[in-house]
Amino acid sequence: MMNDKTKNATLSFHGKTYELPILSPSVGPDVIDIRKLYGEADVFTFDPGFTSTAACESDITFIDGDKGELLYRGYPIDQLAEKSHYLEVCYLLLYGELPTAEQLEAFEYRITNHTMLHEQMHYFLRGFRRDAHPMATMVGVVGAMSAFYHDSTDINDAAQREVASIRMIAKMPTIAAMAYKYSIGQPFIYPRNELDYASNFLSMCFAVPAEDYVVNPILSRAMDRIFTLHADHEQNASTSTVRLAGSSGANPFACIAAGIACLWGPAHGGANEACLTMLREIGSVEHIPEYISRAKDKNDPFRLMGFGHRVYKNFDPRAKVMKQSADEVLGLLGIENNPTLQVAKELERIALEDDYFVSKKLYPNVDFYSGIILDAMGFPTSMFTPIFALSRTVGWIAQWKEMIGDPTQKIGRPRQLYTGATERDYVDVEQR
Ligand code: CMC
């Protein structure tokens, strides 16, 4: 295929030539438009894992994997993590611009006033087994929101789409905290409107009715940063799942529940839990070489959790900020020397020098450090992915809304390279 950047790409195939338009993004590589290819040439393209395929047009988030750059609506993630805060970032992702002070105040007010869950949902939640993984509870409860909030399920009504969005961003911390409280047998703690978003989440997770709970501002800031760093990440697996579910016209609660289900996997959001489990399993620095050689062994499915990324091939800019946050939190809590952290630091040092990891461009990703912070804050590993899910909710919603508003949007319907049997006649069971 010849790629003339000023005009079209040309595909020569079975003696014929096809002109394919080239679309130019505002930044990033050009995109060859193959939408008419099947109709004109009767041929599919093959790209399992979507490594070379842009599935949509989007103006929300940009990643340059080689530079290690992540921009939300053009703003670098490190600037947002340092100068902004999660709800301002939510506004930015949802509406495209940073809010004025008035817009921010009104937005925060709306979110704060939607944090409580319909009381009947408490009974619904109590139907789960106590030992259910909080992600299992979240998938179920978020999906069930369409039954409790059916007045915001009409995707063709912009006002309903907006209310559904606000409801999910506001209620997700409440749901995650309730899933946690339920799993440890403690009473649910209601949201407190005088607290900011991150402090409120910490309070709902760690307060008990029997005594006052004062949120530590450093921990609350670290929590807010974790939310901000995970808020969106362009067309990753869970976001693409939300878009695919939404492309059929499914209601927003169902779409976000689908995203949560996809996020759960250890190759995606489940990596933060898997990473800490792995660090604990390694146990002490003497065992690291054994795990490094397992990770390199082609016949061993083991991978170093928290290392590598489909897009970042230099460094993960979120990991940089998260590492700094980890140092702050662990310093504050005076646990710089805990054994898990020692294993993590040594593993990081060895992997960054080891030729296997260097040559394959496998660097610590955001999940390598986030688990360490969350563990230090007192969260069990099972809560790591629910926290990722609550942070990513705004990204899923922004992408879902963008898709619904796109006039060229169609139901997502990939094709396949069929390798099964060709047509054959049915054989009666007696003759088989
Ligand atoms: N440990 C050991 N080897 C690895 C690892 C790892 N963590 N990751 C990739 N490799 C090797 C892999 O075996 C392959 O080797 P070869 O070329 O010899 O076959 C090569 O590196 C390329 O790997 P890949 O699987 O083709 O790369 P991918 O882009 O499909 O996968 C990934 C990306 C993130 C799924 C993968 O790196 C991985 O499984 N990492 C561990 C899980 C993890 O930390 N995931 C969190 C990602 S960040 C949070 C998020 O966005 O969800």
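Reference entry: report on the structure contained in this document. (Residues numbered from 1 in each chain as written. Predicted model: local features only at pLDDT ≥ 70, side-chain atom pairs only at ≥ 80, totals over all residues. Heavy atoms only, no water.)

1. What about helix 9 (residues 217-229)?
Note: α-helices contain 3.6 residues per turn, so residues at a spacing of three or four share the same orientation. Taking 1.5 Å of rise per residue, 13 residues should cover 18 Å, and helix 9 covers 18 Å from first to last C-alpha, within 8% of that figure. Summarising burial for helix 9: 10 of the 13 residues are buried, a large majority. Among all positions in helix 9, only L219, S220, A222, M223, D224, R225, I226, F227, T228 and L229 are buried. At the N-terminal end of helix 9, a side-chain oxygen is found 2.8 Å from the backbone nitrogen of I218, two or three residues along, and the residue is N216. (Helix = DSSP H or I, 4+ residues; strand = E, 2+ residues; numbered from the N terminus. Expected span 1.5 Å × (residues − 1). Buried < 20%, exposed > 50% of the residue type's maximum accessible area, 1.4 Å probe, protein only. Polar contact = N/O pair within 3.5 Å; in protein donor to acceptor, adjacent residues only side chain to side chain.)

2. Considerations on the nonpolar core
One finds F201, M223, L279, L304, L347 and F379 to be the most contacted residues of the largest nonpolar core, which totals 107 residues. The leading source of residues in this core is helix 7 (residues 158-183), at 12 residues. With residues near it in sequence (within four places) discarded, L304 still touches M278, I292, A295, L347, A351 and F357. If you look at the next biggest cluster of nonpolar residues, it comprises eight residues, including L20, L37, A41 and V43. (Core = buried A, V, L, I, M, F, W, Y, C linked by side-chain atoms within 4.5 Å. Contact = heavy atoms within 4.5 Å.)

3. A look at the site of the ligand
Neighbouring residues of the ligand: 20 residues in total, closest H268, K298, L304, R310 and K360. In this structure, K360 approaches the ligand through a side-chain N or O atom, which is 2.8 Å from an oxygen atom. Protein coverage of the free-state accessible area of the ligand, which is 940 Å², stands at 76%. Taken together, the residues of the shell around the ligand break down into nine nonpolar, six polar and five charged. (Near = heavy atom within 4 Å. Areas by Shrake-Rupley, 256 points an atom, 1.4 Å probe, with all protein chains shown as cover. Nonpolar A, V, L, I, M, F, W, Y, C, P; charged D, E, K, R; others polar.)

4. A few points about the packing of helix 7 against helix 18 (residues 384-404)
Between helix 7 and helix 18, whose axes approach to 9 Å, the crossing angle comes to 170°. Taken together, helix 7 and helix 18 sit at an angle that is classed as roughly antiparallel. Within the contact between the two elements, helix 7 uses R161, E162, S165, M168, I169, M172, P173 and A176 and helix 18 uses P386, L390, T393, V394, I397, W400, K401 and I404. (Axes fitted to C-alpha atoms, helices over the stretch in contact; angles between N-to-C directions. Parallel < 35°, antiparallel > 145°, perpendicular 65-115°, else oblique.)

5. Focus: the pairing of strand 5 (residues 61-64)
Here strand 5 shows a buried face lined by T61 and I63 and a second buried face lined by F62 and D64. Here four bridges tie strand 5 to strand 6 (residues 69-72), and the two strands are oriented antiparallel to one another. The residue of strand 6 that forms the bridge with I63 is L70. Between strand 5 and strand 6, which pair antiparallel and follow one another directly, the connecting turn spans four residues, one of which, G68, has a positive phi of 70°. (Pairing = 2+ DSSP bridges.)

6. Examining the sheet that holds strand 7 (residues 75-76)
Note: strands within a sheet are paired through backbone hydrogen bonds, in either parallel or antiparallel orientation. Spatially, three strands are ordered 5-6-7 in an open sheet, and the strand pairing comes out antiparallel. With one partner strand each, in any of the chains shown, strand 5 and strand 7 form the two edges of the open sheet. Pairing analysis gives two bridges linking strand 6 to strand 7, with the strands arranged antiparallel. Among the inter-strand pairings, Y72 is bridged to a residue of strand 7, identified as Y75.

7. Comments concerning empty space enclosed by the protein
Overall, the coordinates contain two cavities of 30 Å³ or more when judged by the stated rule. Surrounding the largest cavity, M116, L117, H122, T174, M178, F188, I189, Y190 and P191 form its lining. In terms of residue class, the lining of the largest cavity is made up of seven nonpolar, two polar and no charged. As a volume, the second largest cavity reaches approximately 30 Å³. Around the second largest cavity sit G308, H309, Y312, D316, Y363, P364 and N365, which together line it. Grouping the constituent residues of the lining of the second largest cavity by class yields three nonpolar, three polar and one charged. (1 Å grid on protein atoms, 1.4 Å probe; cavity = no way out; pocket = protein on both sides within 12 Å on 5 of 7 lines; lining within 4 Å. Points joined across faces, edges and corners; volume = space filled by probe spheres on them.)

Geometric descriptors of this kind do not, in isolation, establish any biological role.
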